Amino acid sequence: MNHQANNCELPTTNYELPSHSDGFIEVKEFDFFYGKKQALFGINLEIPDRQVTAFIGPSGCGKSTLLRNFNRMNELIPNISHAGDITIHGTSIFDPSVEIIALRRRIGMVFQKSNPFPMSLYENIVYPLRITGQRQRSVLEETVERCLKAVVLWDEVKDRLHESALGLSGGQMQRLCIARAIASRPEILLMDEPCSALDPIATAKIEELIVELKKDFTIVIVTHSMHQASRISDLTAFFYLGKLIEFDQTNKIFTAPIQKQTEDYITGRFG
């Protein structure tokens, strides 16, 4: 498809983005549009398996838009379009043979605001299994225990699994949502500012959890907190006005960025 880019002033990148992997998730010349408004411009990105990749940048820079393209959640919005491609394991997520529900089972997602269902803790976690027809009690019980232990919540709630999830604290609710997201054993875990509504203690627990979970999952996190990105991510991508400005090892981004726009952002000169 051919689209005309809007006329807003865009930064330019005059260096070749480094390649970090064989491209577990690859974004190739990806443009994205809300109606006629272009939100992403020519994004090229390779995200490695079983590492934490952080997306940073000012509000409205496109980082959440890109994240929500990985599991095609943006398709719930009317009048959107794209050009370019996103592949996982070399297969385009937009291939007509790719079934969206199956894709989303491979890609768990955790949102900014914890969103437990108004049902028991047990039923929250087994919900992804029930909708695929799983009824075997032993499988459901194993999943509940496995997922709650994975998010370090089992010891806190094992005696109230059949009580409402809405009775948990904010931090516990978010860990429960992560447990639900991993119940169907996805390969990828997307997190859209998962700690923004949490206090520092709950945030620290989620951050520790993310570092532990990368042993089993490829994690992509959108965060407004540069401190958080520097603490938990292996790679960091900086976005501005819908363009990827710089992508590199996190320690390089925060200590020796190549682009002046990146340096200005992480030192607080703008954004």
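As shown above, the structure is provided for reference.
The shown structure was predicted, so the numbers you read here are calculated from the model rather than taken from an experiment.

1. Some words on the pairing of strand 4 (residues 80-88)
- Here 8 bridges tie strand 1 (residues 25-34) to strand 4, and the two strands are oriented antiparallel to one another. Along strand 4, the bridge assignment pairs V27 with I86.
- Where strand 4 and strand 5 (residues 91-92) come together, 2 bridges link them in antiparallel fashion. Residue pairing across strands places T87 opposite S92, the latter belonging to strand 5.
- In this structure, the hairpin formed by strand 4 and strand 5 is closed by a connection of 2 residues, where H89 is found at a positive phi of approximately 55°.

2. What about the sheet that holds strand 1?
- Strand order across the open sheet formed by 4 strands is 2-1-4-5, with antiparallel pairing between neighbours. Looking at the sheet topology across the chains shown, the edges are occupied by strand 2 (37-47) and strand 5.
- Lying on the sheet, helix 1 (residues 63-70) is in contact with strand 1, strand 2 and strand 4; it crosses strand 1 at an angle near 115°.

3. As for unusual backbone geometry
- One non-glycine residue, R72, lies in the positive phi region at around 60°.
- Relative to the assigned elements, R72 resides in the loop between helix 1 and strand 4.
- In the Ramachandran plot, N79 falls in the positive-phi region, its phi being about 65° despite a non-glycine side chain.
- One can find N79 in the loop between helix 1 and strand 4.

4. Things to note about the pattern of salt bridges
- Scanning all chains against the criterion turns up 15 salt bridges.
- E187 is the partner of R106 in a salt bridge, and the nearest nitrogen-oxygen pair spans 2.6 Å. Here the residue R106 occupies a position in helix 2 (residues 100-106), and E187 occupies one in the loop between helix 6 (170-181) and strand 7 (188-192), the gap between them amounting to 81 residues.
- We classify R106 as partly exposed; its relative accessible area is 30%.
- Overall, E187 belongs to the partly exposed group, its relative accessible area being 25%.
- The shortest N-O distance in the salt bridge between D264 and K260 comes to 2.8 Å. You can see D264 and its partner K260 sitting in helix 10 (residues 260-266), 4 residues apart, about one turn around the helix.
- Classification of D264 as buried rests on a relative accessible area of 12%.

5. As for the nonpolar core
- Ranked by size, the top nonpolar core spans 45 residues in total, and within it L148, I178 and L189 carry the most contacts.
- Beyond its immediate chain neighbours, meaning those up to four positions away, L189 contacts G108, M109, V110, I178, A181, I182, L213, F217, T218, I219 and V220.
- Residues I93, L103, I188 and L235 belong to the second largest nonpolar core, which totals 32 residues.

6. Details of the sheet that holds strand 7
- Strand order in this open sheet of 6 strands is 6-7-8-3-9-10, and the pairing throughout is mixed. Each edge of the open sheet is held by one strand with a lone partner, namely strand 6 (107-110) and strand 10 (243-249). Neighbour-to-neighbour, the strand axes of the sheet open up by a mean angle of 15°, direction not taken into account.
- For strand 7 and strand 8 (residues 218-222), the ladder comprises 5 bridges, and the chain directions are parallel.

7. A few points about the state of the cysteines
- Applying the stated criterion across every chain, the model contains 0 disulfides.
- Between C147, a cysteine without a disulfide, and C177, which holds the nearest cysteine sulfur, the sulfur-to-sulfur distance is 13 Å.

Analysis parameters
- Residues numbered from 1 in each chain as written.
- Predicted model: local features only at pLDDT ≥ 70, side-chain atom pairs only at ≥ 80, totals over all residues.
- Heavy atoms only, no water.
- Pairing = 2+ DSSP bridges.
- Helix = DSSP H or I, 4+ residues; strand = E, 2+ residues; numbered from the N terminus.
- Contact = heavy atoms within 4.5 Å.
- Axes fitted to C-alpha atoms, helices over the stretch in contact; angles between N-to-C directions.
- Salt bridge = Lys/Arg side-chain N within 4 Å of Asp/Glu carboxyl O.
- Buried < 20%, exposed > 50% of the residue type's maximum accessible area, 1.4 Å probe, protein only.
- Core = buried A, V, L, I, M, F, W, Y, C linked by side-chain atoms within 4.5 Å.
- Disulfide = S-S within 2.5 Å.

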